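Each chain, letter by letter, is given below.
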2 protein chains.
Amino acid sequence: MAEMVNVAVDAMGGDNAPKEIVKGAVEAVNEDKRVKVFLVGREPEIREELKSYTYDAQRLEVVHAQEVIETGEPPVMAIRKKKDSSIVKAMYMVKDGSCDALVSAGSTGAVLVGGQVIVGRIKGVERPPLAPIIPNINGVSLLLDCGANVDAKASQLLQFARIGSIYMESIIGVSNPRVGLVNIGVEEEKGNALTREAYPLFRDCPDINFVGNVEARDIPFGGADVLVCEAFAGNIVLKMLEGVSGALVAKIKAGMMENLRSKLGALLVKPALKRTLKGFSTEEYGGAPLLGLNGLVVKTHGSSKAVEIRNSILQCIAFKEQNINEKIREQIVL
Amino acid sequence: MAEMVNVAVDAMGGDNAPKEIVKGAVEAVNEDKRVKVFLVGREPEIREELKSYTYDAQRLEVVHAQEVIETGEPPVMAIRKKKDSSIVKAMYMVKDGSCDALVSAGSTGAVLVGGQVIVGRIKGVERPPLAPIIPNINGVSLLLDCGANVDAKASQLLQFARIGSIYMESIIGVSNPRVGLVNIGVEEEKGNALTREAYPLFRDCPDINFVGNVEARDIPFGGADVLVCEAFAGNIVLKMLEGVSGALVAKIKAGMMENLRSKLGALLVKPALKRTLKGFSTEEYGGAPLLGLNGLVVKTHGSSKAVEIRNSILQCIAFKEQNINEKIREQIVL
């Protein structure tokens, strides 16, 4: 029998905590017997939510933590001072090996800092990238880095490419994933100092399937499976994707309400449209892992509902069973 | 009577040259009596196209240029060597004052280089930004810089903000335009070394209405009227906007064709949807001016059709009548 996958879940993180977090945790436990969840946070509040559900109590424990790190708090200070917070306690459960993974919808800064300071980096990993899965017209791509540490070096971009390739192949099942360097033109000499330095490193690296520079315009059309960039650019890519989708859908909805004829048409197209657009929503793909740590740390959107928490917990199974960290360790030591 | 606005148009630039360029030029001349167009390029080809139209020949001249600069050519070399190309000839017509403006759908690199090398910068302008108008859910914003020169300095970003404010107020008619610094968080200390250095410069500048950092997610929702960033980031913003819109519209069209019910609905919503989405298309707003030159240089999309050429020519009228260059000169000298 396969080993149990132990996941610490920050029950107090995000806009919908603890209600949606607890619900998502219960759903994950009920869906897959390989998962055991530790809900970390204020026990009375968590217990109150748990009353509504039926679940295997052997695979869902509550770990009390009195403090909560708020989104606005300076992360380094918060991680240092709030030892009894849900994030810090959950981080230590990953560090000491009692948990394989941590899922949090809380403060991005605190998760990134805690992951590096408490859980710690795999030896040789210079900077652990935050790597969300983003939708494209034909499927999904992995975008890294979207973290808080901007101004990466070219050698770090190459690490992102290698780590991202492992993840994309092992977890998403894309064999020999195409790696693209996000740039402002396709030619080798295009871009800024960073991309011009990174290009030959990518081209000459035998461990990745480099397909060249990818312009932002091609990202939503699936220009590459692994999209590599420094975090400032990655953040813009991710947030433009969210923003433009959101604005366009709002525009379309308004257009459909314009007159009687369009309203009638809207009723008819709605089910098909909903199915189509679902595949293009960034919310469908669970959380973004912070890759290259001694354990798995998954950051989900602050507005996460139960479905995203559930998906984020379940993705930890593949992460453990595929030995992602072992693979990263081997690659990076090379 | 107002002075005539003389516009040199690169008849050989872009994917649809000379056919759509000539058509757009004729449309502009027929629409507004204040405009005189000089179509620069291979005279026989231009004359052939012109045969199809009726227009006031007093306000549409052909200027022969034998050479064409291709999109793939290294721009600096092309501008230097191809003295008899449509772009270079048109640039010299702006430089010597016989034309007020130049419109080209040709090589972006050649237009940017030619603008700086031949037309020349206004004294004090360190780096002329390429400034497209982009749609948002409520109207439009000016995005600068989207040019080819990446890695700008903070003081240059501040110039972009001041120049962009003048343009937005005088040409688009937004009084006291809100200036936003494109960043990965709203707090002052967020971002990379460049944005952190630029923030206090923006905050302390009395000539602009600075509203703080703007995250990419808020750009499509009209987070600011003037969006300032360095060109690598600007290029990603612009191309993600184009790419996500394109991919999403393709997805929606596919969804509408899914079954009989959705097809029927699509027929009904189509007219309303078309109207709505038109306002969100980057193609509706003519070309992007390269601001801060001794004359106006407008770059339109390589795939421009007649409508974009026409709009780009017509926007030169406001540019001249509002004395934009005089205003930039006064501001920058301060």
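Described below are features of the structure shown in this document. (Residues numbered from 1 in each chain as written. Chains lettered and ligands numbered in written order. Predicted model: local features only at pLDDT ≥ 70, side-chain atom pairs only at ≥ 80, totals over all residues. Heavy atoms only, no water.)

Let us now look at the overall build of chain A. Helices and strands together make up the secondary structure of chain A, namely 11 helices and 11 strands. Relative to the compact-globule value of 20 Å for 334 residues, chain A shows a C-alpha radius of gyration of 20 Å, a close match. Seen along its three principal axes, the alpha-carbon backbone of chain A occupies a region of about 65 × 60 × 45 Å. As presented, chain A carries roughly 13,400 Å² of accessible surface, and 51% of it is formed by carbon and sulfur atoms. Across chain A, the 40 positively charged side chains and the 41 negatively charged ones have centroids separated by 4 Å. (Helix = DSSP H or I, 4+ residues; strand = E, 2+ residues; numbered from the N terminus. Rg over C-alpha atoms; globule rule 2.2 N^0.38 Å. Areas by Shrake-Rupley, 256 points an atom, 1.4 Å probe, with all protein chains shown as cover. Lys, Arg positive; Asp, Glu negative; His and termini not counted. Charge placed at Lys NZ, Arg CZ, Asp CG, Glu CD.)

A few words now on the packing of helix α9 (residues 260-278) of chain A against helix α8 (residues 231-256) of chain B. Two elements in contact, α9(A) and α8(B), have axes separated by 8 Å at closest approach and are oriented at 135°. By the criterion of interaxial angle, the relationship of α9(A) to α8(B) is oblique. Relative to α8(B), the crossing made by α9(A) is right-handed. Residues V269(A), A272(A), L273(A), T276(A) and L277(A) of α9(A) touch α8(B), and the partners they reach there are L248(B), K251(B), I252(B), G255(B) and M256(B). Of the residues contributing to the contact of α9(A) with α8(B), the split by class is seven nonpolar, two polar and one charged. (Axes fitted to C-alpha atoms, helices over the stretch in contact; angles between N-to-C directions. Parallel < 35°, antiparallel > 145°, perpendicular 65-115°, else oblique. Left-handed = near helix turned anticlockwise from the far one by under 90°. Contact = heavy atoms within 4.5 Å. Nonpolar A, V, L, I, M, F, W, Y, C, P; charged D, E, K, R; others polar.)

With respect to the element layout, S104(B) can be found in strand β4 (residues 101-104). In contact with S104(B), not counting residues within four places along its chain, are D10(B), I87(B), V111(B), V298(B), K299(B) and T300(B).

Residues and elements named next belong to chain B. Pairing in this open sheet of five strands is mixed, and the strands run β5-β6-β9-β7-β8 from one edge to the other. Strand pairing shows two members of the sheet lacking a second neighbour, β5 (133-135) and β8 (209-215), which therefore form its edges. The sheet shows a mean angle of 35° between the axes of neighbouring strands, taken without regard to direction. (Pairing = 2+ DSSP bridges.)

Across the boundary between the two partners, chain A contributes 55 residues, which contact 55 residues of chain B. Of the roughly 5,100 Å² buried between chain A and chain B, counting both surfaces, carbon and sulfur atoms make up 75%. The interface formed by chain A and chain B contains six salt bridges. Across the salt bridge formed by E242(A) and R217(B), the nearest N and O atoms sit 2.9 Å from each other. Connecting chain A to chain B are 12 residue pairs in polar contact (both at pLDDT 80 or more). Sorting the residues of the side of chain A that touches chain B by element identifies β7 (178-183), α7 (193-203), α8 (231-256) and α9 of chain A as the ones contributing at least two each. In terms of residue class, the side of chain A that touches chain B is made up of 32 nonpolar, 14 polar and nine charged. (Buried area = accessible area lost by both parts, 1.4 Å probe. Salt bridge = Lys/Arg side-chain N within 4 Å of Asp/Glu carboxyl O. Polar contact = N/O pair within 3.5 Å; in protein donor to acceptor, adjacent residues only side chain to side chain.)

This part covers the nonpolar core. Counting residues in hydrophobic clusters, the biggest one holds 63 residues, and the most contacted among them are L39(B), L157(B), F202(B), V228(B) and I313(B). No other element matches the 10 residues that helix α6 (residues 154-172) of chain B contributes to this core. What F202(B) contacts, discounting residues up to four positions off in sequence, is L157(B), L158(B), A161(B), V179(B), L181(B), I208(B), F210(B) and V228(B). In terms of nonpolar packing, the next biggest core, distinct from the first, is built from 62 residues, V26(A), I46(A), V62(A) and L296(A) among them. (Core = buried A, V, L, I, M, F, W, Y, C linked by side-chain atoms within 4.5 Å. Buried < 20%, exposed > 50% of the residue type's maximum accessible area, 1.4 Å probe, protein only.)

Here we come to the relation of the copies chain A and chain B. Rotating chain A by 180° and moving it 0.0 Å along the rotation axis overlays it on chain B with an RMSD of 0.1 Å. The superposition of one copy onto the other is thereby described by a two-fold rotation axis. Scanning chain A for the C-alpha nearest the rotation axis identifies G265(A), at a separation of 2.0 Å. When the interface residues of chain A are mapped onto chain B, 100% of them again lie at the interface, so the same face is used by both copies. (Least-squares fit on C-alpha atoms with pLDDT ≥ 70 in both.)

Turning our attention to the sheet that holds β4(B). All names here are of chain B. Taken in spatial order, the six strands make up an open sheet running β3-β2-β1-β4-β11-β10, and their pairing is mixed. The open sheet is flanked by β3 (60-64) and β10 (288-290), the only strands paired with a single partner. Here the average twist between neighbouring strands, direction ignored, is 25°. Sheet topology note: the strand β1 (residues 5-10)/β4 ladder contains three bridges and is parallel. Among the inter-strand pairings, V7 is bridged to a residue of β4, identified as A101. Strand contacts of helix α2 (residues 43-50): β2 (35-41) and β3, with the helix running at about 155° to β3, the strand carrying the most contacts.

In this section: the packing of aromatic side chains. Taken as a whole, this structure holds six aromatic pairs over all chains when the rule is applied. When the ring of Y167(B) is compared with that of F319(B), the centres are 6.2 Å apart and the planes differ by 50°; the resulting orientation is tilted. In this pair, Y167(B) sits in helix α6 while F319(B) sits in helix α10 (residues 306-321), placing the two residues 152 residues apart along the sequence. Among the residues examined, F319(B) registers a relative accessible area of 6% and is labelled buried. Ring pairing ties together the aromatic residues Y199(A), F202(A) and F210(A), which thus form one cluster. (Phe/Tyr/Trp six-rings, centres within 6.5 Å; stacked < 30°, edge-to-face > 60°.)

Counted at 1.5 Å a residue, the expected span for α8(B) with its 26 residues is 38 Å, and the 37 Å between its end C-alpha atoms agrees. Burial of α8(B) is extensive: 21 of the 26 residues sit out of reach of the surface. (Expected span 1.5 Å × (residues − 1).)

Before going further, it helps to examine the pairing of strand β4 (residues 101-104) of chain A. Successive side chains on a regular strand alternate, one facing one side of the sheet and the next facing the other. Residue and element names in this part refer to chain A. The side-chain alternation of β4 yields two buried faces, one formed by A101 and V103 and the other by L102 and S104. Note that β4 and strand β11 (residues 296-299) share four bridges and pair parallel. By the bridge assignment, V103 is partnered in β11 with V298.

Compared with the 18 Å implied by 1.5 Å per residue over 13 residues, the 18 Å span of helix α1 (residues 19-31) of chain B between its first and last C-alpha is a close match. Within the sequence span of α1(B), burial applies to E20(B), I21(B), V22(B), G24(B), A25(B), V26(B), A28(B) and V29(B).

All chains considered together, the criterion is met by two cavities of 30 Å³ or more. Here the largest cavity defines a volume of roughly 40 Å³. Together, L112(B), Q116(B), P128(B), P129(B), L130(B), D145(B), G147(B), A148(B), N149(B) and L290(B) line the largest cavity. Each residue belonging to the lining of the largest cavity can be placed in one class, and the counts come to six nonpolar, three polar and one charged. Lining the second largest cavity we find L112(A), Q116(A), P128(A), L130(A), D145(A), G147(A), A148(A), N149(A) and L290(A). Here the residues of the lining of the second largest cavity are counted per class, giving five nonpolar, three polar and one charged. (1 Å grid on protein atoms, 1.4 Å probe; cavity = no way out; pocket = protein on both sides within 12 Å on 5 of 7 lines; lining within 4 Å. Points joined across faces, edges and corners; volume = space filled by probe spheres on them.)

Attention now moves to the environment of F160(A). Of note, F160(A) is situated in helix α6 (residues 154-172). Taking C-alpha positions, F160(A) is 6.7 Å from V228(A), a pair spaced 68 residues apart along the chain.

All names here are of chain A. In terms of residue burial, strand β1 (residues 5-10) counts as a mostly covered element, since six of its six residues are buried. The side-chain alternation of β1 yields two buried faces, one formed by V5, V7 and V9 and the other by N6, A8 and D10. As paired strands, β1 and strand β2 (residues 35-41) are joined by six bridges and run parallel to one another. Its bridge partner being in β2, V9 is matched across the sheet by L39. Taken together, β1, helix α1 (residues 19-31) and β2 form a β-α-β motif whose crossover is right-handed. (Right-handed = clockwise from strand over helix to strand, strands pointing away.)

Treat this as a map of the structure, not an account of what it does.
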